[in-house]
Amino acid sequence: MEGRIINNKSNKDIYILGIETSCDDTCASVIKNGTRILSNVISSQDEIHRKYGGIVPEIASRQHIEVIDIVIKEALEKANISIERIDAISVTNRPGLIGSLLVGVGAAKALCYLKKIPIIGINHLEAHLYANIINNPGIRGGVGLIVSGGHSSLYHIESGWRITEIGHTVDDAAGEAFDKIARYLGLGYPGGPIIDRLSKKGRDDRFDLPRPMIDSGDFNFSFSGLKTSLIYRTKKDKNIMSKENVADLAASFQKAVVDVLVKKSLDAVVKYGCDSLLVSGGVAANSLLREEFAAGGREKNIEVYIPPLGLCLDNAAMVAALGYYKYLKGDFGALDMDVYSRSDL
Ligand code: KG4
Ligand code: ZN
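Fair warning: this is a prediction, and the values are worked out from it, not measured in the lab. Residue numbers restart at each chain and count upward from 1, following the sequence in its written direction. Lettering of chains starts at A and numbering of ligands starts at 1, both following the order in which they are written. Only residues with pLDDT of 70 or above have their local features reported here, since the model is predicted, and side-chain atom pairs are shown and tallied only from 80 upward, although totals for entire chains, interfaces and linings are computed over all residues. To obtain the side-chain values, all non-hydrogen atoms of the structure were used and water was disregarded.

Engineer: Just checking my understanding: could you explain the site of ligand 1 for this structure?
Structural biologist: Whether a residue is near a molecule or strand depends on its heavy atoms: it is near if one of them lies within 4 Å of it. Inspection of the region around ligand 1 gives 20 residues, with G149, D179, G192, D196 and G282 positioned closest. In protein, a polar contact requires one atom able to donate a hydrogen and another able to accept it; more generally it is a pair of N or O atoms within 3.5 Å, and residues adjacent in sequence count only if both atoms are side-chain atoms. Separating an oxygen atom of ligand 1 from a backbone N or O atom of G192 is a distance of 3.0 Å. Interatomic distance of 3.0 Å between a backbone N/O atom of G282 and an oxygen atom of ligand 1. About the coverage of ligand 1: the protein hides 89% of its 560 Å² of free accessible area. Elements with a minimum of two residues in the shell around ligand 1: α4 (124-130), α5 (174-184) and α6 (191-199). For the area figures, the Shrake-Rupley method with a 1.4 Å probe applies, and any residue is considered shielded solely by the protein chains shown. Where helices and strands are cited, they refer to DSSP runs of H or I of at least four residues and of E of at least two residues respectively, numbered from the N terminus.

Engineer: Just checking my understanding: could you explain the sheet that holds strand β5 (residues 119-123) for this structure?
Structural biologist: Hydrogen bonds between backbone atoms are what pair the strands of a sheet, whose relative direction is either parallel or antiparallel. A pair of strands counts as paired when DSSP detects no fewer than two bridges linking them. Across the sheet, which stays open at both edges, the five strands sit in the order β3-β2-β1-β4-β5 with mixed pairing between neighbours. Looking at the sheet topology across the chains shown, the edges are occupied by β3 (36-43) and β5. Each neighbouring strand pair of the sheet contributes to a mean axis angle of 20°, computed without reference to strand direction. For strand β4 (residues 88-94) and β5, the ladder comprises five bridges, and the chain directions are parallel. Across the sheet, the residue bridging to I89 is I119, located in β5. Between N-to-C directions, angles cover 0 to 180 degrees, with each direction set by a line fitted to C-alpha atoms, over the stretch in contact for helices.

Engineer: What exactly am I supposed to notice about the pairing of strand β2 (residues 26-32) here?
Structural biologist: Put simply, side chains in a regular strand alternate between the two faces of the sheet. For β2, the buried fraction is high: seven of the seven residues fall into the buried class. Neither face of β2 is left uncovered, since the one carrying T26, A28, V30 and K32 and the one carrying C27, S29 and I31 both have all their residues buried. Where strand β1 (residues 15-20) lies against β2, six bridges are found, and the strand directions are antiparallel. By the bridge assignment, I19 is partnered in β2 with A28. Here β1 folds back onto β2 in antiparallel fashion, the turn holding five residues. The sheet contact formed by β2 and β3 spans seven bridges and is antiparallel. Three exposure classes are used, based on accessible area relative to the maximum for each residue type with a 1.4 Å probe and protein chains only: buried under 20%, partly exposed in between, and exposed over 50%.

Engineer: Whenever I open this one, α6 confuses me. Can you help?
Structural biologist: When you tally the buried positions in α6, you get seven out of nine residues, the bulk of the element. Contact definition: two residues touch when any of their heavy atoms are within 4.5 Å. At its buried positions, α6 is contacted by α5, α8 (243-271) and α9 (287-300).

Engineer: Could you clarify how one ought to interpret the coordination of the zinc ion (ligand 2) in this entry?
Structural biologist: The reference angle at a metal is 109.5 degrees if four donors form a tetrahedron and 90 or 180 degrees if six donors form an octahedron. Looking at the zinc ion (ligand 2), one finds its protein donor set to be H124 (NE2), H128 (NE2) and D314 (OD), positioned 2.1 Å from the metal centre. In this listing, donors mean N, O and S atoms no farther than 2.8 Å from the metal, or 3.2 Å for Na, K and Ca; water is missing from the atoms, so a site can look incomplete. Labels for metal geometry use angle windows, namely 85 to 135 degrees for all angles of a four-donor tetrahedral site, and for square planar (four donors) or octahedral (six donors) sites opposite donors over 155 degrees apart plus all others within 65 to 115; sites meeting none of these are irregular. Given four donor atoms and angles of 93 to 147° at the metal, the environment of the zinc ion (ligand 2) is assigned as irregular.

Engineer: Is there a simple way to explain the confidence of the model for the protein chain in this structure?
Structural biologist: For the protein chain, per-residue confidence averages 95 on the pLDDT scale, and 98% of positions sit at 70 or higher. In the predicted structure, residues 1-5 sits below a pLDDT of 50 and forms 17 contacts with residues beyond four places in sequence or in another chain. Residue-level confidence of the predictor, termed pLDDT, takes values from 0 up to 100.

Engineer: Can you walk me through the packing of α5 against helix α7 (residues 224-236) in this structure?
Structural biologist: Packed helix pairs are specified by the crossing angle of their axes together with the interaxial distance, meaning the distance between the axes. Where α5 meets α7, the axes come as close as 10 Å, and the angle between the chain directions of the two elements is 15°. The angle between α5 and α7 places the two elements in the roughly parallel class. Considering only the axes of α5 and α7, their crossing is right-handed. Residue-level inspection shows K180, I181 and Y184 of α5 in contact with α7, the latter providing K227, L230, I231, T234 and K235. Of the residues belonging to the contact of α5 with α7, the class tally is four nonpolar, one polar and three charged. Angular relationships are summarised with four words: roughly parallel below 35 degrees, roughly antiparallel beyond 145, roughly perpendicular across 65 to 115, and oblique for the angles in between. Should the near helix be turned counterclockwise from the far one by less than a right angle, the crossing is left-handed, whereas a clockwise turn marks it as right-handed. Each residue gets one label: Ala, Val, Leu, Ile, Met, Phe, Trp, Tyr, Cys and Pro are nonpolar, Asp, Glu, Lys and Arg are charged, and the others, such as Gly, are polar.

Engineer: Before we go on, may I ask you to explain the pattern of salt bridges in this structure?
Structural biologist: Where side chains of opposite charge bring their charged atoms close, a pairing between them can arise. We define a salt bridge as a contact between a side-chain nitrogen of Lys or Arg and a carboxyl oxygen of Asp or Glu at a distance within 4 Å. Using the criterion set out here, one finds 21 salt bridges in the structure. For D172, the salt bridge identified is with K180, shortest N-O distance 3.3 Å. Note on D172: relative accessible area 8%, which makes it buried. Taking the relative accessible area as the measure of exposure, K180 reaches 28% and is therefore partly exposed. Taken together, the shared-partner salt bridges connect D172, E176, K180 and K227 into one network.

Rendered as structure tokens:
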């Protein structure tokens, strides 16, 4: 099977600056030859959005404007490289919040115009899958799972990195469900990491919650009913929200989400006759998910790739890595490149 890997035929080292501002993190990274991360700077807005219990798009784009120059400068400094040595800039231009995307794309266009270097438009979802390629450039395809605040989808990645969606969530994304349940339980924002930590102190078999669509026979997900089921459960018993019970609720909820994601993803690998699974997105940072995928992969003889924690959440290293392969193919964008709130792979 032909893989994604295209050789760099010139012997020259290639440096790509990646820029990512599709949601609420302002990120810039420099990558050498697609695999060596020289810098990976992330300016998080979690603190700013916490008091609203979720991302406020208008505030996100304004904050990107405040810090984008500083973040790019820091990425170049940490990589110990001058902008003159950068061969191309790759930037997320889809899908995402329009105001947020515009800031990253605007910065990339200005730099590319000034320095007369190519601009490369990147699909944020494809970049998430690429977070696995940075450390494993030999991966030749398989099934991809993207689980984040905005997406829960499965993809079949075929020869030459042709990607077809084989399933998606019919309602909430997994990360969105984590965030909503954390808010309901009064735990704070973003919910995923908080539930992850709290679950370690709780019993995951204490509350019998459903595993929606686990045996549906297709590769779609649904997390909204699970959320409603937990809320319904707590409404029936007003005394349930004690500190100890909340840890059990969090653990039971997390276990239900993880069981569904792991079972359906591994089933998809078998169904599509693959031997690898590429997991990515913010929820891939979840410690139970990582454990269950490792165990399930061993049992079914499936190679499960999950990026290191710093490459699961939104970051620009994955954008720069994908940019490198597009650079080798001459797959450049134009300086009048647009941004798109929605975009499939
Ligand atoms: O990929 P990402 O940074 O942004 C999007 O593209 O959405 O993912 C953010 C999502 C949030 O919903 C957050 O709660 C979730 O990832 N998340 C986690 C964990 N860390 C982040 N969910 C479960 N467990 C975690 N440890
Ligand atoms: Zn993302």
